[in-house]
Amino acid sequence: MRDRIAVIGAGVSGLTSAVLFAERGHLTTIFAHEIGERTTSAAAGAIWFPYDAEPAGAVIKWSLTTFARLRDICAETLSGVSMVELRCFATAGELPMPDWAPSLGARRLEHGELLASFTSGFTVVVPLIDTSRYLDYLAARFRAAGGSIVPNILFSAGDFEKHKQLRRDVDCIINCSGIGAQRLVPDPDLEPHRGQIAIVEKLALGYAVVCDDSPFMYAFPRSGDCVFGGTNTISDERAPDPADTERIVAECSRVLNIDRPRVLAERVGLRPFRRSGVRLEAEVLGEGRTLIHNYGHGGSGFTLSWGCAEEVFDLARTRLR
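We now turn to the structure provided with this report.

Definitions and limits used
- Residues numbered from 1 in each chain as written.
- Predicted model: local features only at pLDDT ≥ 70, side-chain atom pairs only at ≥ 80, totals over all residues.
- Heavy atoms only, no water.
- Disulfide = S-S within 2.5 Å.
- Buried < 20%, exposed > 50% of the residue type's maximum accessible area, 1.4 Å probe, protein only.
- Pairing = 2+ DSSP bridges.
- Helix = DSSP H or I, 4+ residues; strand = E, 2+ residues; numbered from the N terminus.
- Axes fitted to C-alpha atoms, helices over the stretch in contact; angles between N-to-C directions.
- Contact = heavy atoms within 4.5 Å.
- Parallel < 35°, antiparallel > 145°, perpendicular 65-115°, else oblique.
- Phe/Tyr/Trp six-rings, centres within 6.5 Å; stacked < 30°, edge-to-face > 60°.
- Lys NZ or Arg CZ within 6 Å of the ring centre and 35° of its normal.
- Core = buried A, V, L, I, M, F, W, Y, C linked by side-chain atoms within 4.5 Å.
- Patch = residues over 30% accessible without salt bridge, like charges linked within 9 Å, V, L, I, M, F, W, Y side chains within 5 Å.
- Areas by Shrake-Rupley, 256 points an atom, 1.4 Å probe, with all protein chains shown as cover.
- Salt bridge = Lys/Arg side-chain N within 4 Å of Asp/Glu carboxyl O.
- Lys, Arg positive; Asp, Glu negative; His and termini not counted.
- Charge placed at Lys NZ, Arg CZ, Asp CG, Glu CD.

A separate point is the state of the cysteines. Under the criterion given, the structure shown has zero disulfides. Between Cys 74, a cysteine without a disulfide, and Cys 88, which holds the nearest cysteine sulfur, the sulfur-to-sulfur distance is 18 Å. Note on Cys 74: relative accessible area 22%, which makes it partly exposed. Cysteine Cys 226 remains unbridged, with the sulfur of Cys 252 as its closest cysteine sulfur at 7.8 Å. According to the relative accessible area criterion, Cys 226 is buried, its value standing at 0%.

As structure tokens, then:
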């Protein structure tokens, strides 16, 4: 008999975990309050880059696993995943190169490759994910493998034990509720790191740009538009702030030395940062059912997605056996 799996959450972590279970023969259902464009994942810049998540050792391991999976997915034209050159800059001093970067072919930027006002930087080719296409791609893979999605499910604290469908029909629950775990588990160690982006018209930009010091900015060229960012403040406000949009567009235009592009949309997501690090662990509920937590990915949800999902699957397989 096939195991019955319930995944809570339809962001990138939930969808990726659900795809793995469904494609490996398990009866899998996603229960989610928000799906598609309403999720935090839909508001992400979504370039592969370990950011705003701990612990460093595990994060790098999961990130490199995800890198390899996303690189392979690039071959699927409907996935929304492509490999792009990413140039990271610093406004002062020498920008440290991350430990993972040399293994992926990163190199220091020459003086002539630096944008004005920057002192140093490095370049590396990484996956870029168009969220408007990739989340639909994952959902389609999940449904093609026999999975189903139940939307508009609002969980409250303790529902792992009380929810009728989870109690009656499920052998293993995967908690990918993101910032919702703050209330659902509950987990006071989570804090919402608010990220706002502006989606602007397509630009002739040959590479992605990140400046992770002062001011924090990034620009990611996609096939039909460009993502400008960003913000990283502790707040649970999900409405776009016009002042943030003004600052983001002005700063990105200044750095890129371009006329201000037309803004097509504004989006806000709450990165689920967990002060004690990503929570990826199992516990036993009533009647011997397994609950596996997979949340707290901060600003690295897409970057960690496949690596964490593989570890979740291994945990579940061991427990269910």
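Attention now moves to the sheet that holds strand β14 (residues 279-284). The six strands lie next to each other as β6-β2-β1-β7-β15-β14, forming an open sheet whose pairing is mixed. Of all the strands in the sheet, just β6 (148-150) and β14 have a single pairing partner and so form its edges. Averaged over all neighbouring strand pairs, the angle between strand axes comes to 20°, with direction disregarded. Here helix α8 (residues 301-320) sits on the sheet and contacts β1 (4-8), β7 (172-175), β14 and β15 (290-295); the angle it forms with β14, its principal contact strand, is near 15°.

Packed helix pairs are characterised by how far apart their axes lie and by the angle those axes make with each other. Between helix α2 (residues 56-73) and helix α3 (residues 131-144), the least distance of the axes is 14 Å, while the angle of their chain directions is 90°. In terms of axis orientation, α2 runs roughly perpendicular to α3. Residues Arg 69, Leu 70 and Ile 73 of α2 form the contact with α3, whose own contacting residues are Tyr 134, Tyr 137 and Arg 141.

Moving on, we come to the packing of aromatic side chains. Tallied over the full model, the rule gives ten aromatic pairs. Between Tyr 51 and Phe 216 the ring centres are 5.9 Å apart and the planes differ by 15°, which places this aromatic pair in the stacked class. Taken as a pair, Tyr 51 in the loop between β2 (27-31) and α2 and Phe 216 in the loop between β9 (208-211) and β10 (217-221) lie far apart in primary sequence, 165 residues in all. Judged on exposure class, the residue Tyr 51 and its partner Phe 216 are both buried. Taken together, the ring pairs connect Trp 48, Phe 49, Phe 67 and Trp 100 into an aromatic cluster. In this arrangement the basic side chain of Arg 69 is found over the ring face of Trp 306, its NZ or CZ atom lying 4.2 Å from the centre. The lysine or arginine in question, Arg 87, covers the ring of Tyr 207, its NZ or CZ lying 4.1 Å from the ring centre.

Once that is clear, we can look at the nonpolar core. A general tendency of soluble globular proteins is for nonpolar side chains to be buried together. Formed by 68 residues in total, the largest nonpolar core has its most connected members in Ile 30, Ile 47, Leu 86, Tyr 134 and Ile 174. At eight residues, α8 tops the list of elements feeding residues into this core. Apart from residues lying up to four places away in sequence, Ile 174 is in contact with Ile 5, Ala 6, Val 7, Ile 8, Phe 21, Ile 292 and Val 312. By size, the runner-up hydrophobic cluster in this structure holds 20 residues, among which are Tyr 207, Phe 228, Ile 248 and Val 249.

Another point: unusual backbone geometry. That bond from Glu 54 to Pro 55 is cis: its omega, 0°, falls within 30 degrees of zero. Residue placement: Pro 55 occurs in the loop between β2 and α2. Across the junction of Gly 229 and Gly 230, the peptide omega takes the value 5°, indicating a cis bond. Of note, Gly 230 is situated in the loop between β11 (225-229) and β12 (233-234).

Taken together, the side chains of Asp 236, Glu 237, Asp 241 and Glu 266 define an acidic patch exposed on the protein surface. For Asp 236, the location among the structural elements is in the loop between β12 and α7 (242-256). Judged by relative accessible area, which is 61%, Asp 236 ranks as exposed.

On to the pairing of strand β8 (residues 190-201). Within β8, eleven of the twelve residues are buried, leaving the element largely enclosed by the surrounding structure. Pairing geometry for β8 and strand β13 (residues 263-274), over eleven bridges, is antiparallel. In the strand pairing of β13, His 193 is matched with Arg 271. Alignment of β8 against β11, held across five bridges, turns out to be antiparallel. Paired with Ala 198 across the bridge in β11 is Phe 228.

Taking burial as the measure, the five residues of β10 include five buried ones, the bulk of the element. Burial of β10 is two-sided: the residues Met 217, Ala 219 and Pro 221 facing one way and the residues Tyr 218 and Phe 220 facing the other way are all buried. Both β9 and β10 contribute to a ladder of three bridges, which runs antiparallel. Bridging from a neighbouring strand, Val 210 pairs with Tyr 218 of β10. When β10 meets β11, the two strands line up antiparallel, connected through four bridges. Counterpart to Pro 221 in the pairing with β11 is Cys 226. Hairpin connection of β10 to β11: three residues between the antiparallel strands.

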